[in-house]
Amino acid sequence: MYQLSTLDNGIRVFSERMNNVRSVSIGVWFRVGSRDELVGQYGLSHFLEHMFFKGTNKRDALAIAQDFESLGAEQNAFTSKEYTCYYSRVVDDKLEPVFEIIADMLTDSLFEQSDIDSEREVVIEEIARSEDTPQDYIFELFSDAAMPGHNLGRQIAGTRESVGSFVHDDCVNYLQSHYNAENCVVVACGNIEHELLLKLVERYLGSMPRKPRRTRDDADVVALPFSLMQKDTEQAHLVYGTRGIPLGDDDRFATSLLDSALGGGMSSRLFQEIREKRGLAYAVFSTTVSYIGAGNFMIYVGTRPDNLYEVMQIIVDELKKMLDAGLDEAELERMKDYLVGHTVLSQESTASRMIRIGRNAINDLPILSLDESIERYRAVSLDDIMRVAERVLVAAPTVAVISPLETDELQTGLSSILAQ
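Please read these numbers as outputs of a predicted model, since none were measured by experiment. (Residues numbered from 1 in each chain as written. Predicted model: local features only at pLDDT ≥ 70, side-chain atom pairs only at ≥ 80, totals over all residues. Heavy atoms only, no water.)

Caption draft 1: A look at unusual backbone geometry. Here F111, not a glycine, exhibits a phi torsion of approximately 55°, which is positive. The residue F111 is located in the loop between α3 (95–108) and α4 (113–131) in this model. What makes F111 buried here is its relative accessible area of 3%. In this structure, D364 is a non-glycine residue whose phi angle is positive, near 60°. Among the structural elements, D364 can be located in the loop between α13 (350–362) and α14 (370–378). Residue classification places D364 among the partly exposed positions, given a relative accessible area of 45%. (Helix = DSSP H or I, 4+ residues; strand = E, 2+ residues; numbered from the N terminus. Buried < 20%, exposed > 50% of the residue type's maximum accessible area, 1.4 Å probe, protein only.)

Caption draft 2: The arrangement of the packing of aromatic side chains in detail. The tally for this structure, following the rule as stated, stands at 17 aromatic pairs. Taken together, a centroid distance of 5.8 Å and an interplanar angle of 55° make the contact between F78 and Y87 tilted. Of the residues examined, Y87 reaches a relative accessible area of 27% and is grouped as partly exposed. Every member of this aromatic cluster is reached through a ring pair, and the members are F30, F52, Y86, F111 and Y179. Cation over ring: R154 sits above Y42, and NZ or CZ is 4.0 Å from the ring centre. (Phe/Tyr/Trp six-rings, centres within 6.5 Å; stacked < 30°, edge-to-face > 60°. Lys NZ or Arg CZ within 6 Å of the ring centre and 35° of its normal.)

Caption draft 3: Here's a closer look at the nonpolar core. In terms of nonpolar packing, the biggest core is built from 51 residues, with I11 and V186 touching the most fellow members. Ranked by residues supplied to this core, first place goes to α3 with 8 residues. In contact with I11, other than residues within four places in its own chain, are S5, T6, A181, C184, V186, V201, L205 and M208. L228, L332, L339 and V399 belong to the second largest nonpolar core, which has 48 residues in total. (Core = buried A, V, L, I, M, F, W, Y, C linked by side-chain atoms within 4.5 Å. Contact = heavy atoms within 4.5 Å.)

Caption draft 4: Focus on the environment of V399. The residue V399 is located in strand β11 (residues 398–403) in this model. The buried category is assigned to V399, whose relative accessible area is 0%. Taking the C-alpha atoms as reference, V399 lies 5.8 Å from V239; in sequence the two are 160 residues apart. Filtering out sequence-adjacent residues up to four positions away, V399 remains in contact with P225, F226, S227, L228, L238, V239, Y240, L414 and L418.

Caption draft 5: Up close: the sheet that holds strand β8 (residues 236–243). Ordered in space as β7-β11-β8-β10-β9, the 5 strands form an open sheet in which the pairing is mixed. Only two strands of the sheet have a single partner each, and these edge strands are β7 (226–230) and β9 (284–291). Between one strand axis and the next, the sheet turns by 15° as a mean value, whatever way the strands run. Note that β7 and β11 share 5 bridges and pair parallel. Each residue of the ladder has a partner; that of L228, found in β11, is V401. In the packing of helix α16 (residues 407–418) onto the sheet, the strands contacted are β7, β8 and β11, and the crossing angle to β7 comes to about 145°. (Pairing = 2+ DSSP bridges. Axes fitted to C-alpha atoms, helices over the stretch in contact; angles between N-to-C directions.)

Caption draft 6: Looking closely at the sheet that holds strand β5 (residues 84–91). Spatially, β1-β2-β6-β3-β5-β4 is the arrangement adopted by the 6 strands of the open sheet, whose pairing is mixed. Every interior strand has two partners, whereas the edge strands, β1 (3–6) and β4 (74–79), have only one. With strand direction ignored, the average angle separating the axes of adjacent strands in the sheet is 15°. Examined bridge by bridge, strand β2 (residues 12–17) and strand β6 (residues 184–190) share 6 bridges and lie parallel to one another. Directly across from V13, in β6, lies its bridge partner V186. In the packing of helix α1 (residues 44–51) onto the sheet, the strands contacted are β4 and β5, and the crossing angle to β4 comes to about 165°.

Caption draft 7: Expanded view of α3. Between its first and last C-alpha, α3 extends 20 Å over 14 residues, near the 20 Å set by a 1.5 Å rise per residue. Burial analysis of α3 places 10 of its 14 residues in the buried class, the great majority of the element. Looking at α3, one finds that the buried residues are L95, V98, F99, E100, I101, I102, A103, D104, M105 and L106. The secondary structure elements touched by the buried residues of α3 are β3 (23–30), α2 (61–70), β5, α7 (168–178), β6 and α8 (194–205). (Expected span 1.5 Å × (residues − 1).)

Caption draft 8: Structural context of the pattern of salt bridges. With the rule as written, the count across this model stands at 31 salt bridges. In this structure, E96 and R203 form a salt bridge, with 2.5 Å as the shortest nitrogen-oxygen distance. Of the two residues, E96 sits in helix α3 while R203 sits in helix α8, which places them 107 residues apart along the sequence. Notably, a salt bridge pairs R213 with D364, separated by 2.6 Å at the nearest N-O pair. Placement of the pair is R213 in the loop between α8 and β7 and D364 in the loop between α13 and α14, with a sequence separation of 151 residues. Take R213: its relative accessible area is 27%, and that puts it in the partly exposed class. (Salt bridge = Lys/Arg side-chain N within 4 Å of Asp/Glu carboxyl O.)

Caption draft 9: Structural context of the packing of helix α11 (residues 308–325) against α16. Between α11 and α16, the least distance of the axes is 10 Å, while the angle of their chain directions is 25°. Regarding the angle of α11 to α16, the classification is roughly parallel. α11 and α16 meet at a crossing whose hand is right-handed. Facing L308, Y309, M312, Q313 and V316 of α11, the residues of α16 in contact are E409, L410, G413, L414, I417 and L418. Considered class by class, the residues forming the contact of α11 with α16 number 8 nonpolar, 2 polar and 1 charged. (Parallel < 35°, antiparallel > 145°, perpendicular 65-115°, else oblique. Left-handed = near helix turned anticlockwise from the far one by under 90°. Nonpolar A, V, L, I, M, F, W, Y, C, P; charged D, E, K, R; others polar.)

Put into structure tokens, the structure is as follows:
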């Protein structure tokens, strides 16, 4: 299990020692994401993540890249709707110089306007790439319709217009508002001693200011029934989704099992019915996303436009079967073995362990041991599955589609199937 200490300035420091490896994965997490942006800031959390790699008083962008590479380190960052993480995986004896680079980026970045002007073009290209990838962009359409007007429904990268407006002061002000010790968690997993990690964090981030956390608004919004985009695509891309469960909910283990049974693997009901038995799609899966106080359950299918209505009918029928009869004991046990196996295998990586601890810690959620997680999966009953199905699957759905089909006719056809 992990060890936890808190510095005087409020930074929480987690470590988990893995004796059989020579590497360390370290992440510096901040409780800030696109959910926290105000009007005029859309995409700024993600943009700031890019800008931290553009130069400090000590290093320009090239020197940052060269210094990481000279240490043999893998490094990157990611921004979600509720947190941002800067991380690296490195051989254990190079941990301090790698952590110094990360700390330098986070505490002394310049945000030069010339760098902002060039990087905005990179981010706009990233937005364009997403829009040109319908199997990805369909989830953006769904989120916008499932949580209309709320930041959880907006694109993490922002829009061309919002990104095009950012200037130096925007970056500095956002940094000062959110990048502080109370919002920060440092996690390291691998061949690491906790006391050494504490010394490094104190040395390089101990002067980070402590400020009160900002509150987050509720995500209690009314979902829209449809988000349909007509586009010249070879496939129709469909996401059918409902309101799911929030982060930390007691039903999260049962929900994961339900999700797996419906669309989590090759033996799942939707995969078998849509792909294996009828050959209507290549990609078929279900997934859940959870946020603080909100969540969604989603089913994705990519199919030829001529097959879209048949696929929609199969989805509706399979959800009704689940609501009527649930799972049988053999199917439930198979799903438990499937998820337990994936959980165990994922924890053989230092990076996976770091991310597991970091995601829970930054959201103030309990961090369960591997054995505790397995016990929670094993404890789920058939009655739990039925309760979760009635909680998640009966909610009014949101349907998002990107296809060459005319949207008014499409909405009429989909509405008739959903009304059954």
